[in-house]
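Overview (structure and organization)
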Amino acid sequence: MKRLISIELQKIWLNKASRILTLTYFILLSFIALIASIKFNIGPIKLHLAEMGIFNFPFIWHFNTYVAAFLKFFLAIVIVSMMANEYSYGTLKQNLIDGLSKKEFILSKFLTVIVFALCSTIFVFVMSLLLGLSFSSYTEFDVIFMDLDYLLAFFIKLSGFFSFCLFLGIFVKRSAFALGFLLVWSILEGIIKGILVFRIFPNSNTGDYIMQFFPLEAMSNLIIEPFTRLSVIRSIGTQIGVENTKDYSVHYLSILIVTIWTFLFVYFSYKLLKNRDL
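Quick caveat, the model's predicted, so the values are computed rather than measured. (Residues numbered from 1 in each chain as written. Predicted model: local features only at pLDDT ≥ 70, side-chain atom pairs only at ≥ 80, totals over all residues. Heavy atoms only, no water.)

1. Structural notes on the overall build of the chain
Secondary structure assignment for the chain yields 13 helices and two strands. Contacts in the chain between residues far apart in sequence, at least 24 positions, make up 78% of those at least 6 positions apart. Within the structure as shown, the chain displays about 14800 Å² of accessible surface, and the carbon and sulfur contribution to it stands at 68%. (Helix = DSSP H or I, 4+ residues; strand = E, 2+ residues; numbered from the N terminus. Contact = heavy atoms within 4.5 Å. Areas by Shrake-Rupley, 256 points an atom, 1.4 Å probe, with all protein chains shown as cover.)

2. A few points about the nonpolar core
Within the largest apolar cluster, 71 residues are counted, with the highest numbers of intra-cluster contacts made by Ile-79, Phe-154, Phe-161 and Phe-162. It is helix 8 (residues 149–172) that provides the largest number of residues to this core, a total of 14 residues. Setting aside residues up to four positions removed in sequence, Phe-154 forms contacts with Tyr-25, Thr-65, Ala-68, Ala-69, Ser-120, Thr-121, Val-124 and Ile-223. (Core = buried A, V, L, I, M, F, W, Y, C linked by side-chain atoms within 4.5 Å. Buried < 20%, exposed > 50% of the residue type's maximum accessible area, 1.4 Å probe, protein only.)

3. So, the pattern of salt bridges
In total, this model carries one salt bridge according to the counting rule given. A salt bridge links Lys-193 to Glu-217; the nearest nitrogen and oxygen atoms lie 3.0 Å apart. Residue Lys-193 is located in helix 9 (residues 175–200), and its partner Glu-217 is located in helix 11 (residues 215–222); the two are separated by 24 residues in the primary sequence. (Salt bridge = Lys/Arg side-chain N within 4 Å of Asp/Glu carboxyl O.)

4. Concerning the packing of helix 3 (residues 59–69) against helix 6 (residues 102–135)
Between helix 3 and helix 6, the least distance of the axes is 10 Å, while the angle of their chain directions is 135 degrees. With respect to their mutual orientation, helix 3 and helix 6 come out oblique. Note that helix 3 runs across helix 6; the crossing there is right-handed. On helix 6, the residues touching Ile-60, Trp-61, Asn-64, Thr-65 and Ala-68 of helix 3 are Val-124, Phe-125, Met-127, Ser-128, Leu-129, Leu-131 and Gly-132. Its residues placed into classes, the contact of helix 3 with helix 6 shows eight nonpolar, four polar and no charged. (Axes fitted to C-alpha atoms, helices over the stretch in contact; angles between N-to-C directions. Parallel < 35°, antiparallel > 145°, perpendicular 65-115°, else oblique. Left-handed = near helix turned anticlockwise from the far one by under 90°. Nonpolar A, V, L, I, M, F, W, Y, C, P; charged D, E, K, R; others polar.)

5. A closer look at the environment of Ala-218
Tracing the chain through its elements places Ala-218 in helix 11. For the pair formed by Ala-218 and Thr-259, sequence separation is 41 residues and the distance between their alpha carbons is 9.9 Å. Not counting residues within four places of it along the chain, the set of residues in contact with Ala-218 comprises Gln-212, Ser-254, Ile-257 and Val-258.

6. Side note on the packing of aromatic side chains
Here the structure, examined in full by the defined rule, presents 22 aromatic pairs. Note on Trp-61 and Phe-125: the rings are 5.6 Å apart at their centroids and 10 degrees apart in plane angle, and the pair reads as stacked. A residue pair is termed long-range when its members are at least 10 positions apart, and Trp-61 in helix 3 and Phe-125 in helix 6 qualify at 64 residues. Residue Trp-61 is classed as buried on the basis of its relative accessible area, which comes to 1%. Both rings, one in Tyr-66 and one in Phe-227, keep their centres 5.8 Å apart while their planes meet at 85 degrees; by these two values the pair is edge-to-face. Taken together, the positions of Tyr-66 in helix 3 and Phe-227 in the loop between helix 11 and helix 12 (231–239) put the pair 161 residues apart, joining distant regions of the chain. Taking the relative accessible area as the measure of exposure, Phe-227 reaches 38% and is therefore partly exposed. Here the aromatic cluster, defined as three or more aromatic residues joined through ring pairs, consists of Phe-55, Phe-59, Phe-63, Tyr-66, Phe-70, Phe-135 and Phe-227. In this structure, Arg-19 is placed above the aromatic ring of Trp-13, and the distance from its NZ or CZ to the ring centre is 5.5 Å. Note that Lys-72 overlies the ring of Phe-161, its terminal NZ or CZ placed 5.0 Å from the centroid. (Phe/Tyr/Trp six-rings, centres within 6.5 Å; stacked < 30°, edge-to-face > 60°. Lys NZ or Arg CZ within 6 Å of the ring centre and 35° of its normal.)

7. Description of the packing of helix 6 against helix 13 (residues 252–275)
Helix-helix packing: each pair is described by the crossing angle between the helix axes and the interaxial distance. Their axes nearest at 10 Å, the elements helix 6 and helix 13 cross at an angle of 145 degrees. Our pair here, helix 6 against helix 13, has a crossing hand that is right-handed. From helix 6, Lys-102, Lys-103, Phe-105, Ile-106 and Phe-110 reach across to helix 13, where they touch Thr-262, Val-266, Ser-269, Tyr-270, Leu-273 and Lys-274. Along the lines of polarity and charge, the residues of the contact of helix 6 with helix 13 split into six nonpolar, two polar and three charged.

8. Quick notes on a nonpolar patch on the surface
Nonpolar side chains collect at one region of the surface, where Trp-13, Leu-23, Ile-27, Phe-31 and Leu-34 lie side by side and expose about 510 Å² of accessible area between them. On the secondary structure map, Leu-23 appears in helix 2 (residues 16–30). Assessed through its relative accessible area of 43%, Leu-23 is described here as partly exposed. (Patch = residues over 30% accessible without salt bridge, like charges linked within 9 Å, V, L, I, M, F, W, Y side chains within 5 Å.)

9. Here's the deal with unusual backbone geometry
For the bond running from Phe-57 to Pro-58, omega is 0 degrees, close enough to zero to count as cis. For Pro-58, the position within the fold is in the loop between strand 2 (45–48) and helix 3. At Asp-147, a position not held by glycine, the phi torsion is positive, near 60 degrees. Note on placement: Asp-147 falls in the loop between helix 7 (141–144) and helix 8. Residue Asp-147 is classed as partly exposed on the basis of its relative accessible area, which comes to 26%.

Have a look at this one:
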């Protein structure tokens with residue numbers, strides 16, 4: 001297993017574009033800390049984001065994982081390109097000639113996906129812990145480690161999304177077309193959701209119930225937007241008569257759905273590779 005991961009990481013590191021994208025991803029993750037320095041002066045109103053409580057424990061786990069998840073597209077490009085390069089440079093065929101089985105090949109790719117997701121999760125954990133200890137109004141031990149299930153949801157979300165990208169890279173073979181397919185799939189899910197929620201089931205939650213089983217929607221449901229949890233946003237909503245009844249917790253049904261999709265993406269990646277003439 002260690003050998004398989006080593007082979008894949010060497011391929012990524014030796015590819016200049018993949019190396020730059022990977023480094024850019026982790027650098028941008030660290031830029032979340034810069035949010036603490038953002039201040040808005042709108043006439044007599046002065047807003048300092050760090051003072052609004054976004055770095056308070058345990059809210060910071062929700063906020064940082066949600067924001068960090070937007071940057072996953074950088075590594076998505078790396079994963080799709082990683083697979084496309086196997087076809088373009090003939091390294092896939094060479095690996096198989098050298099004795100690597102197709103099952104081991106897919107396993108090496110999936111392990112790379114897990115490594116990326118795990119490293120991202122550890123990075124966000126350490127960064128959030130440091131920011132929280134610096135800016136949070138609550139630093140009691142039990143408060144600090146509340147809501148860590150957002151980190152689990154973040155890891156599952158990245159693992160599922162990167163596995164989807166891996167499947168598309170094998171299915172389409174070309175990185176540009178694979179990323180285009182990902183965009184089209186995202187738009188398609190959005191259209192289906194709009195039809196179900198606003199046209200077919202406008203007066204019930206049936207549309208949302210059905211949509212939770214779609215891959216990208218399931219991944220999105222793992223971490224709900226955190227901004228309306230902020231007290232300042234809640235107070236504004238109360239003043240204008242808008243009641244917030246949103247459930248922000250991590251639901252283990254969503255984790256199960258994404259985990260199943262992750263398994264299916266890896267399984268069908270193997271089946272495609274197994275049945276394809278290389």
